[in-house]
Amino acid sequence: MSVVSAITVTVPATTANLGPGFDCIGAALKLYNEFKFTRLEEGGLTIHVTGKEAERVQTDESNLLYQAFVKFYQHIEQTPPSVKIEIKLGVPLARGLGSSATAIVGGLVAGNQLEGATLSQSQVMELAIAMEGHPDNVVPALLGGCRLAATSGAAWEICDVPWHKDVVPVIAIPNFELSTSEARGVLPTEVSRADAIFNTAHLGLLLRGLETGNGQWLKTALQDKLHQPYRKALIPGYDALNIAAVSAGAYGMVISGAGPTLLALADKLNSKAVEAAMLAAWQEEGITAEVRSLSLDTQGAKSF
Ligand SMILES: Nc1ncnc2c1ncn2[C@@H]1O[C@H](COP(=O)(O)OP(=O)(O)OP(=O)(O)O)[C@@H](O)[C@H]1O
Ligand SMILES: N[C@@H](CCO)C(=O)O
């Protein structure tokens with residue numbers, strides 16, 4: 001492929017952890033950011049952002065999307081070109097839906113496509129994981145679907161996780177932010193053997209529950225001892241939403257990524273009732289929220 005003058009990249013939102021799969025599993029959702037990069041003859045960097053909360057995105061060299069773009073050029077040992085970047089935000093910022101992963105994947109993919117796809121998809125993926133620090137958002141953002149990532153020590157093994165068509169992700173997005181760094185800051189550096197065993201068993205059960213749609217397995221599987229017990233205090237209304245979602249028929253509720261968005265899994269027949277119950281529970285706490293059922297994105301980052 002040859003060098004091109006402009007490229008548009010779309011990258012899906014992602015929901016990571018899914019309860020017991022802390023830092024290793026995530027799923028891409030049909031909710032997108034769009035990034036257009038146009039080469040300039042000169043002029044350095046111009047960034048224009050549209051969409052909800054556009055004013056919260058940096059428009060200088062500290063912009064994460066641009067930093068990922070620069071990272072690509074550092075990797076291929078070239079100087080980044082002057083560019084105009086147009087960002088259309090569809091993924092809410094710092095809500096636990098992988099907005100930073102969209103920026104990292106978007107910047108790397110854009111650089112690679114502008115330079116004629118010099119790197120393979122797995123090389124882009126390795127760079128993205130190194131930038132984000134964990135694989136569970138960037139891998140499904142790049143590849144689509146639900147993905148489990150495990151390292152051999154030298155490289156990442158990525159496994160496609162089958163997701164039963166009747167299992168619906170219901171996401172409840174509150175109107176406040178929670179940065180990933182703050183939500184990681186409350187976690188202990190060491191865990192007990194009992195908690196490690198608990199999560200090992202529950203992640204295994206979750207994989208089979210997602211594949212088969214077995215509700216009994218999913219009800220038990222959507223529990224965690226590694227991150228949620230420490231993080232839930234950062235999310236007002238967590239317990240009320242959990243009770244509301246389960247009472248309305250959800251299999252369970254977990255924190256999406258580092259939060260504050262909450263994710264319930266429900267049978268497709270219950271998802272509307274679960275949406276209404278979660279919205280009402282947050283309204284009772286005085287919190288404005290957007291609640292919707294989404295389906296899985298299966299394609300990941302796309303460029304055109
Ligand atoms: N489209 C974007 N362009 C540039 N920077 C972005 C974009 N989206 C997110 N960011 C950067 O990423 C930060 C949010 O990252 P953070 O890891 O805290 O949350 P998140 O990725 O939305 O949530 P989680 O990792 O829990 O899914 C923003 O404050 C901003 O600095
Ligand atoms: N696994 C990450 C996802 C958010 O980036 C966490 O929970 O901190």
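All residue numbers refer to positions counted from 1 along the written sequence of the respective chain. The order in which chains are written sets their letters, starting at A; the order in which ligands are written sets their numbers, starting at 1. Confidence filtering applies because this is a predicted model: local features only for residues at pLDDT of at least 70, side-chain atom pairs given and counted only at 80 or more, and all residues used for totals across whole chains, interfaces and linings. Side-chain calculation: all heavy atoms of the structure are included, whereas hydrogens and water are not.

**Observations regarding the domain arrangement of the protein chain**
Buried accessible area, meaning the area lost when the parts come together, often serves as the stated size of an interface. Applicable threshold: Domain extents, as shown, originate in an automatic or database domain assignment. Every residue pair with non-hydrogen atoms within 4.5 Å of one another is taken to be in contact. Summed over both partners, buried area is the accessible surface (1.4 Å probe) that two parts give up on being assembled. Every case where a carboxyl oxygen of Asp or Glu lies within 4 Å of a side-chain nitrogen of Lys or Arg is listed as a salt bridge. Pairing of N or O atoms within 3.5 Å defines a polar contact, subject to two protein rules: one partner must be a possible hydrogen donor and the other a possible acceptor, and residues neighboring in sequence count only if both atoms are side-chain atoms. The helix and strand labels rest on DSSP assignments: H or I over at least four residues marks a helix, E over at least two residues marks a strand, and numbering proceeds from the N terminus.
By domain assignment, the protein chain separates into domain 1 (6-161) and domain 2 (167-293). Taking only C-alpha atoms into account, the centre of domain 1 sits 25 Å from that of domain 2. In this assembly, 25 residues from domain 1 lie in contact with 34 residues from domain 2. Between domain 1 and domain 2 lies a buried interface of about 2,100 Å² when both sides are counted; carbon and sulfur atoms form 62% of it. Contact with domain 2 buries area across many residues of domain 1, yet Pro20, Phe22 and Arg95 alone supply 32% of it, more than any other trio. At the boundary of domain 1 and domain 2, one finds three salt bridges. A salt bridge links arginine 95 to glutamate 177; its shortest N-O distance comes to 4.0 Å. Summed over the shared surface of domain 1 and domain 2, the result is 13 residue pairs in polar contact (both at pLDDT 80 or more). Secondary structure elements with two or more residues in the side of domain 1 that touches domain 2: strand E1 (6-16) and strand E2 (25-40).

**Quick look at the site of ligand 2**
To be explicit about the condition: When we say a residue is near a molecule or strand, we mean one of its heavy atoms is within 4 Å of it. Residue burial considers only the protein chains on display, and all accessible areas are found by Shrake-Rupley using a 1.4 Å probe. Here the term charged refers only to Asp, Glu, Lys and Arg, the term nonpolar to Ala, Val, Leu, Ile, Met, Phe, Trp, Tyr, Cys and Pro, and the term polar to all other amino acids, Gly among them.
Taken together, Ala16, Asn17, Phe22, Asp23, His134, Asp136, Asn137, Thr180, Arg184, Arg231, Gly257 and Ala258 form the complete shell of residues around ligand 2. Within the side chain of aspartate 23, one N or O atom sits 2.5 Å away from a nitrogen atom of ligand 2. Contacts to ligand 2 include asparagine 137, whose side-chain N or O atom sits 3.2 Å from an oxygen atom. If ligand 2 stood free it would expose 260 Å²; the protein chains cover 97% of that surface. Looking at the shell around ligand 2 residue by residue, the classes come out as three nonpolar, five polar and four charged. Residues lining the shell around ligand 2 come from more than one domain, with at least three contributed by each of domain 1 (6-161) and domain 2 (167-293).

**What about the packing of helix H1 (residues 64-75) against helix H2 (residues 99-114)?**
Put simply, the test is: To obtain an axis, a line is fitted to C-alpha atoms, over the contacting stretch when the element is a helix, and the angle between two such axes runs from 0 to 180 degrees between their N-to-C directions. Throughout, the term roughly parallel applies to angles under 35 degrees, roughly antiparallel to angles over 145, roughly perpendicular to angles from 65 to 115, and oblique to all others. In this scheme the crossing of two helices becomes right-handed for a clockwise turn of the near helix relative to the far one and left-handed for an anticlockwise turn of less than a right angle.
Put simply, H1 and H2 touch, their axes get as near as 7 Å, and they point 40° apart. Classified by the interaxial angle, the pair formed by H1 and H2 is oblique. Crossing hand, H1 versus H2: right-handed. Note on element contacts: H2 touches H1 through Ser100, Ala103, Ile104, Gly106, Gly107, Leu108, Ala110, Gly111, Asn112 and Leu114, opposite Leu64, Leu65, Ala68, Phe69, Lys71, Phe72 and Tyr73. Its residues assigned to classes, the contact of H1 with H2 shows 11 nonpolar, five polar and one charged.

**Some details on the nonpolar core**
Selection criterion: Nonpolar cores were defined as sets of buried Ala, Val, Leu, Ile, Met, Phe, Trp, Tyr and Cys residues, with membership established by side-chain atoms within 4.5 Å. Burial classification: accessible surface area is computed with a 1.4 Å probe over protein chains only, and a residue below 20% of its type maximum counts as buried, one above 50% as exposed, and the rest as partly exposed.
If you look at the biggest cluster of nonpolar residues, it comprises 42 residues, and the most contacted ones within it are Phe37, Ile85, Ile87, Val105, Leu108, Val138 and Leu142. When near neighbours in sequence (up to four residues on either side) are disregarded, leucine 142 contacts Val105, Val109, Gln121, Val124, Met125, Gln299, Gly300 and Ala301. Ranked by size, the runner-up nonpolar core spans 28 residues in total, among them Cys146, Val167, Leu218 and Leu296.

**Comments concerning the UniProt feature "domain: GHMP kinase N-terminal" (unreviewed entry) in the protein chain**
The test is simple: UniProt positions are given in the numbering used here, feature names are shortened, and annotations may be inferred rather than shown by experiment.
Mapped onto this numbering, the UniProt entry gives "domain: GHMP kinase N-terminal" (unreviewed entry) at residues 63-145. Helix makes up 55% of residues 63-145 and strand 10%, and the two end C-alpha atoms of the span are 27 Å apart.

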